[in-house]
Amino acid sequence: MSRAGRTHVASFWEEIADLEHTLRYVDAGGYRTRVLDFPATAPDARTVVLASGTSGHIEAWTQNVRAFVEAGFRVVGYDYPGHGYTSLADHPLEIRDYAEHLLALLDALSLDRVHLAGESLGGWLALKFAPKHPDRLHTVILSAPGGRVVGEPQLDRTQSVSAQAVSEPTFENVRKRLQVVIHDPQNITDELVRVRQAIYSRDGFSMANVSALREPERRWRNRVTDEDFAALPVPALMVWTDNEPTGDAAEGERLCRLIPDGEFLLVRGAAHWPQWEGAAEFNAAAVAFLNKHV
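Everything numeric here is computed off the predicted structure, so don't read it as measured data.

A few points about the confidence of the model for the protein
Looking at the protein, pLDDT values average 92 and 93% of them are 70 or higher. Residue range residues 1-9 is modelled with pLDDT below 50. Its contacts to residues more than four positions away, or to other chains, number 20 contacts.

What follows is the structure, given as structure tokens:
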């Protein structure tokens, strides 16, 4: 079994240590942006850009990088403004902020067109970014995409747990935050919790700014609708799970049918992080999808 196929990961950096890569900071729209970059061996290889979820960070994708690199792609992971170790945000972030930052990052890295793989907030971003910038994308991978207006109890629980994880970033509080998105507690490694603890403990870190899209009024004006799925101008791989908190498998399939050129993958035994809990299945389907659109 490959490293990416393991259910339990010993170390983020073990997963990529033998792959050529750089971890650096670039200026993107005025933000000192943390970028993890895996070059491709072929000069004309296409690039996969990895976009994380709310309050997420590059490390959430370390189980997936190898599969993309070994398939011949350049891989770029990055932290949003206010997230991970990118410079802090000084205002509540909305989709336009994430889209402007992504566009600035593509320009800073001289990337004309990319495959954009987005998880949760990253999928939300992809759905809104693609119709406005179709010339910058080849495809999108929507991994448990967020942004729809769903039941308030789930939203309230996420807000409460997130706020507590930042105000009191103890090991247990941060672990509870991760339990919102990861179905099997065994898949929440101590390392993952500690990385989040360090990020949430950064001086000036603001969950209010990075989670602003959970506020009802702001969420409503940035929301994802059926029309957004139907407006996707590029091929899309829709990845759903059998424990997705925003809708069952039938809802995921319904949304995928709205996409003009969409493929559907259901990852079982996972919640809101299919790329993490179902890494082997996710990687195989994602690489096959990308290879159709090289």
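Some details on the sheet that holds strand β4 (residues 74-78)
The eight strands are arranged β1-β2-β4-β3-β5-β6-β7-β8 in an open sheet whose pairing can be described as mixed. The sheet is open, and its two edges are formed by β1 (22-28) and β8 (262-267), each paired on a single side. Between one strand axis and the next, the sheet turns by 20 degrees as a mean value, whatever way the strands run. Sheet topology note: the strand β6 (residues 137-143)/strand β7 (residues 236-241) ladder contains four bridges and is parallel. Directly across from Ser143, in β7, lies its bridge partner Val239. Across the sheet, helix α2 (residues 95-108) is in contact with β1, β2 (31-38), β3 (47-51), β4 and β5 (114-119); its angle to β1 comes to roughly 115 degrees.

Things to note about the side chain of Arg136
By secondary structure assignment, the location of Arg136 is in the loop between α3 (121-132) and β6. A residue is classified by how much of its surface remains accessible, and Arg136, at 13% relative accessible area, is buried. A distance of 2.7 Å separates a polar atom in the side chain of Arg136 from the backbone oxygen of Asp112.

A few points about the packing of helix α5 (residues 171-179) against helix α6 (residues 190-200)
Remark: α5 packs on α6, axes separated minimally by 9 Å, with the N-to-C direction vectors making an angle of 105 degrees. The orientation of α5 with respect to α6, classified from their angle, is roughly perpendicular. Contacts from Phe171, Val174, Arg175, Arg177 and Leu178 in α5 reach Asp190, Leu192, Val193, Arg194, Arg196, Gln197 and Tyr200 in α6.

Re the side chain of His101
By the secondary structure assignment, His101 is in helix α2. When its relative accessible area of 2% is taken as the criterion, His101 is described as buried. Polar side-chain contacts of His101 include one of 2.9 Å to the side chain of Thr33. Setting aside residues no more than four positions away along its own chain, His101 makes contact with Ala28, Tyr31, Thr33, Tyr78, Asp79, Tyr80 and Pro81.

Some details on the pattern of salt bridges
Here the structure, examined in full by the defined rule, presents 17 salt bridges. A salt bridge links Arg136 to Asp107; the shortest N-O distance between them is 3.0 Å. Taken together, the residues Arg136 in the loop between α3 and β6 and Asp107 in helix α2 connect sequence positions 29 residues apart. Under the relative-accessibility criterion, Asp107 is labelled partly exposed at 46%. Taken together, the shared-partner salt bridges in this structure form one network comprising Glu94, Arg96, Glu215, Glu217, Arg218 and Arg221.

Focus: the pairing of β6
Across the seven residues of β6, seven count as buried, placing the element largely inside the fold. Inspection of the sheet shows β5 paired to β6 by six bridges, in the parallel sense. Note on β6: the bridge partner recorded for Glu119 is Ser143. Remark: the β5/α3/β6 crossover connection has right-handed handedness.

Reading the values: the criteria
- Residues numbered from 1 in each chain as written.
- Predicted model: local features only at pLDDT ≥ 70, side-chain atom pairs only at ≥ 80, totals over all residues.
- Heavy atoms only, no water.
- pLDDT = per-residue confidence, 0-100.
- Contact = heavy atoms within 4.5 Å.
- Pairing = 2+ DSSP bridges.
- Helix = DSSP H or I, 4+ residues; strand = E, 2+ residues; numbered from the N terminus.
- Axes fitted to C-alpha atoms, helices over the stretch in contact; angles between N-to-C directions.
- Buried < 20%, exposed > 50% of the residue type's maximum accessible area, 1.4 Å probe, protein only.
- Polar contact = N/O pair within 3.5 Å; in protein donor to acceptor, adjacent residues only side chain to side chain.
- Parallel < 35°, antiparallel > 145°, perpendicular 65-115°, else oblique.
- Salt bridge = Lys/Arg side-chain N within 4 Å of Asp/Glu carboxyl O.
- Right-handed = clockwise from strand over helix to strand, strands pointing away.

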